[in-house]
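This is what each chain is made of:
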Amino acid sequence: MNYNFSYIFPQMKRETLSQASVHRFLDKPLGCKMYDKAFVLPSKDLWKDGKCFGGVVTKEGEFVESSAWHEGKRCDKYDFDPSKAKEDAGIVIYMGFYNSCWGHAITDNLKKLWYLKTEECKSLLKQGAKLIYLTIDNKPQPSYVKRLFELADADIDSFELVTEITRFDKIFVPDNSFIADNGQRYFTQPYVDSINLIKKNVSSTIKGNNIYPEKIYFTRTHIRSQRDWGEMSIERVFKKKGYHIIAPEEKTVEEQIAFLMNCTYFATTEGSISHNVVFCQPKTEVTIVRKCYDVNKYQMAVNEVSDVNVTYIDAHNSTKAPNEAPWVGPFFLYNNEQLLKWNGSFFINFPLWMRPIWWLYKNQDKNIVRRAMRLHAKLINYEV
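An account of the accompanying structure is given in this report. (Residues numbered from 1 in each chain as written. Predicted model: local features only at pLDDT ≥ 70, side-chain atom pairs only at ≥ 80, totals over all residues. Heavy atoms only, no water.)

Judged by pairing direction, the sheet is parallel, and its six strands sit side by side in the order S1-S18-S17-S16-S13-S15 without closing on themselves. Lying at the two open borders of the sheet, with one neighbouring strand each, are strand S1 (3-7) and strand S15 (244-246). Between one strand axis and the next, the sheet turns by 20 degrees as a mean value, whatever way the strands run. Examined bridge by bridge, strand S13 (residues 215-218) and strand S16 (residues 265-269) share four bridges and lie parallel to one another. If you follow Tyr 217 over to S16, its bridge partner there is Ala 267. Strands S1, strand S17 (285-290) and strand S18 (309-314) of the sheet are contacted by helix H1 (residues 10-20), whose axis makes an angle of about 175 degrees with S1. Strands S1, S17 and S18 of the sheet are contacted by helix H8 (residues 297-306), whose axis makes an angle of about 155 degrees with S18. (Pairing = 2+ DSSP bridges. Helix = DSSP H or I, 4+ residues; strand = E, 2+ residues; numbered from the N terminus. Axes fitted to C-alpha atoms, helices over the stretch in contact; angles between N-to-C directions. Contact = heavy atoms within 4.5 Å.)

It is worth spelling out the layout of surface pockets at this point. Within this model, the second largest pocket holds a volume of roughly 390 Å³. As for the second largest pocket, its lining consists of 20 residues, and the residues nearest its centre are Gly 230, Glu 231, Met 232, Ser 233 and Ile 357. Broken down by secondary-structure element, the contributors of at least two residues to the lining of the second largest pocket are strand S14 (228-229) and helix H6 (231-240). Among the elements that make up the lining of the second largest pocket, the one with the highest residue count is H6 (four residues). (1 Å grid on protein atoms, 1.4 Å probe; cavity = no way out; pocket = protein on both sides within 12 Å on 5 of 7 lines; lining within 4 Å. Points joined across faces, edges and corners; volume = space filled by probe spheres on them.)

As a further point, take helix H4 (residues 143-151). Every buried residue belonging to H4 is among Val 145, Leu 148, Phe 149 and Leu 151, and all of these are buried. Looking straight down H4, one finds that the buried residues subtend no more than 160 degrees of arc, so they occupy a single side. Of the surrounding elements, those touching the buried residues of H4 are strand S7 (86-98), helix H2 (102-105), helix H5 (189-205) and helix H7 (253-261). In the segment just after H4, Asp 153 is the residue with positive phi, at about 65 degrees. (Buried < 20%, exposed > 50% of the residue type's maximum accessible area, 1.4 Å probe, protein only. Arc of directions from axis to C-beta.)

Bringing the packing of aromatic side chains into the picture now. This model, assessed by the stated rule, comprises 22 aromatic pairs. Considering the side-chain rings of Phe 9 and Tyr 293, the 5.6 Å spacing of their centres and the 35 degrees angle between planes classify their relative orientation as tilted. A residue pair is termed long-range when its members are at least 10 positions apart, and Phe 9 in the loop between S1 and H1 and Tyr 293 in the loop between S17 and H8 qualify at 284 residues. By the ring-pair criterion, three or more aromatic residues cluster together here, those being Tyr 98, Tyr 133, Phe 149 and Phe 159. Directly above the aromatic system of Tyr 265 lies the positively charged group of Lys 215, at a separation of 5.3 Å from the ring centroid. For the cation-ring pair, Arg 290 lies above Tyr 312, with the distance from its terminal atom to the ring centre recorded as 5.2 Å. (Phe/Tyr/Trp six-rings, centres within 6.5 Å; stacked < 30°, edge-to-face > 60°. Lys NZ or Arg CZ within 6 Å of the ring centre and 35° of its normal.)

Here it is, written out as structure tokens:
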């Protein structure tokens, strides 16, 4: 895997280089712990005090960190009355705390699926054990997440969503194969195996002699999100460079992954959409346009999973994004000096003050910004 940081802002080079030097593969065996008479706490008070609450709590009242949305100080248990918990005498296998945001669906949601392939899990299921899970919003996962699980040989409809505080006789909690630790993101071989299984099943599902573009650009412009401003100008640059523009949400899950598996060049903006890199083939030339002053550790991890060559471009002036949490947006993208340098050919670069969309972004209603931040907080990405 190689990185090219020739097109990032000077003030971002030190941190970016530091994060790129972190080796994110953990060569460690994974196991599964059993807890007697433990409690499952569904999601509650999402992001109160900047935390995501819920998970497994032992009968002694200890929070099982590997049951959280992800490990770290922003995830915790909440106060509850054990005597009022629902009682279930069964044996359950805790399969995770799911988030329907696509980037987390292909990272955090998959991190316990490895356990389904073990003989221990198969034996427990034969004994009548149930598979259970939690979600950020206490609602079932959407169809695209269900399909992703199917491609990983897992039927989420056979899992039971826990929506009230419940004490189970025995709870088995598998280790995570994609791990949050000290603000970093790491992965293990079982996570890679899950991704490879998805790719293998996509290959067998997609029939016919399909011809895929060599160069693809995944765009968010069809979503019309109030968190993203100006991507059309980025999209035009890549289109002129021969990239085929694709709105992934308009494709099936299999089609999205098939495009990624069969391209030689992949480009997109950073965020959930760029985590799709995990499905690219090794040595794919990847170009990621960053939207704020932040180094996305999830992205660094999935880059390493796929062993791709990555070029980062800083093409933003996201002044509305808060300094303490720049990843929540809203973002402003434009064809600035860094993008022009990468483009390597003549391209008219109007100053910001001549761009109407800049003034719309700069002067947007503060309530819109707050709503966008609240929506984002509910969906994703408070970094640990």
